[in-house]
Amino acid sequence: SDTSYLRLQDAACMAVPWLVCIGFVLVYSALLAKMRRIKEIMMKAQRFRRAHVTRGKVVMTIVCLLAAMLVILITWQLVSPLVWVRVVTDTDQFTGYPTESVGHCASDHFGAFAG
């Protein structure tokens, strides 16, 4: 049916920010966690002490940043999700049927979430 097709388009619209944001957070939180680990090792080395950085500290950095991003994405999903919008740009002069249209993803409060 026509409504299931539109629901799939709406899901595809909202999947893009989820995939981009989760990927971004995973990549950069891992880099940040490694930099924190190196900083701790270097600080201990200055005092000639052995550094023991636990996995828990590294994982906690990633989990905290991922949780923050999930809160933002879930809020966006609930408050103002992206939906597929099609705008007719040209119609047949005799029949009035659309001959050309443009589609895009839109949201009422897109700027609040995507800045």
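Computed from a prediction, not measured in an experiment: that's the story for all the values here.

**Student:** I keep staring at the overall build of the protein and nothing clicks. Help me out?
**Tutor:** Within the protein, the secondary structure is distributed over three helices and two strands. The C-alpha atoms of the protein give 23 Å as radius of gyration, which overshoots the globular expectation for 115 residues (13 Å, by more than 25%). Dimensions along the principal axes, computed over C-alpha positions, put the protein at roughly 85 × 25 × 20 Å. Put simply, of all contacts in the protein between residues at least 6 apart along the chain, 56% involve residues at least 24 apart. A total accessible area of about 8,900 Å² is found for the protein, and carbon and sulfur atoms account for 66% of it. Side-chain charges of the protein comprise 12 positive and 7 negative groups, with the mean position of each set lying 40 Å from the other.

**Student:** Got a minute to help me understand the nonpolar core in this structure?
**Tutor:** Nonpolar side chains tend toward joint burial in soluble globular proteins. Counting residues in each nonpolar core, the largest one holds seven residues, listed as C13, M14, V25, M69, L73, W76 and L82. Looking at this core, the elements that each hand over two or more residues are α1 (2-46) and α2 (55-79). With residues up to four places along the chain from it excluded, the contact list for M14 reads W76, Q77, P81 and L82.

**Student:** Just checking my understanding: could you explain the pairing of strand β2 (residues 98-106) for this structure?
**Tutor:** Walk down a regular strand and you will see the side chains alternate between the two sheet faces. Looking at chain direction, strand β1 (residues 83-91) and β2 are connected through eight bridges and run antiparallel. Paired with V87 across the strands is V102, a residue of β2. Two successive antiparallel strands, β1 and β2, enclose a turn made up of six residues, where G96 displays a positive phi of approximately 80°.

**Student:** Looking at this structure, I do not really get empty space enclosed by the protein. What am I missing?
**Tutor:** Over the atoms, a rolling probe the size of a water molecule traces out where space has been left empty. Throughout the structure, instances matching the rule amount to one cavity of 30 Å³ or more. As for the largest cavity, its lining consists of A33, R36, R37, E40, V53, K57, V58 and T61. Elements with a contribution of two residues or more to the lining of the largest cavity: α1 and α2. Classifying every residue of the lining of the largest cavity by side-chain character gives three nonpolar, one polar and four charged.

**Student:** It is not clear to me how the state of the cysteines should be interpreted in this structure. Could you clarify?
**Tutor:** Covalent bonding between the sulfur atoms of two cysteines defines a disulfide. For the structure on display, the rule yields one disulfide. The disulfide partner of C13 is C105, and the gap between their sulfur atoms is 2.0 Å. One quick way to see it: the torsion about the S-S bond of C13 and C105 is about -80°, and its sign makes the bridge left-handed. Here C105 lies in strand β2 and C13 lies in helix α1, a separation of 92 residues in the sequence. On the basis of relative accessible area, C13 is assigned to the buried category, the value being 3%. Residue class for C105 comes out partly exposed when judged on its relative accessible area of 34%. Of all cysteine sulfurs in the structure, the one in C105 sits closest to C21, which takes part in no disulfide; the separation is 14 Å.

Conventions adopted
Residues numbered from 1 in each chain as written. Predicted model: local features only at pLDDT ≥ 70, side-chain atom pairs only at ≥ 80, totals over all residues. Heavy atoms only, no water. Helix = DSSP H or I, 4+ residues; strand = E, 2+ residues; numbered from the N terminus. Rg over C-alpha atoms; globule rule 2.2 N^0.38 Å. Contact = heavy atoms within 4.5 Å. Areas by Shrake-Rupley, 256 points an atom, 1.4 Å probe, with all protein chains shown as cover. Lys, Arg positive; Asp, Glu negative; His and termini not counted. Charge placed at Lys NZ, Arg CZ, Asp CG, Glu CD. Core = buried A, V, L, I, M, F, W, Y, C linked by side-chain atoms within 4.5 Å. Buried < 20%, exposed > 50% of the residue type's maximum accessible area, 1.4 Å probe, protein only. Pairing = 2+ DSSP bridges. 1 Å grid on protein atoms, 1.4 Å probe; cavity = no way out; pocket = protein on both sides within 12 Å on 5 of 7 lines; lining within 4 Å. Points joined across faces, edges and corners; volume = space filled by probe spheres on them. Nonpolar A, V, L, I, M, F, W, Y, C, P; charged D, E, K, R; others polar. Disulfide = S-S within 2.5 Å.

The values are spatial; any link to function lies outside them.
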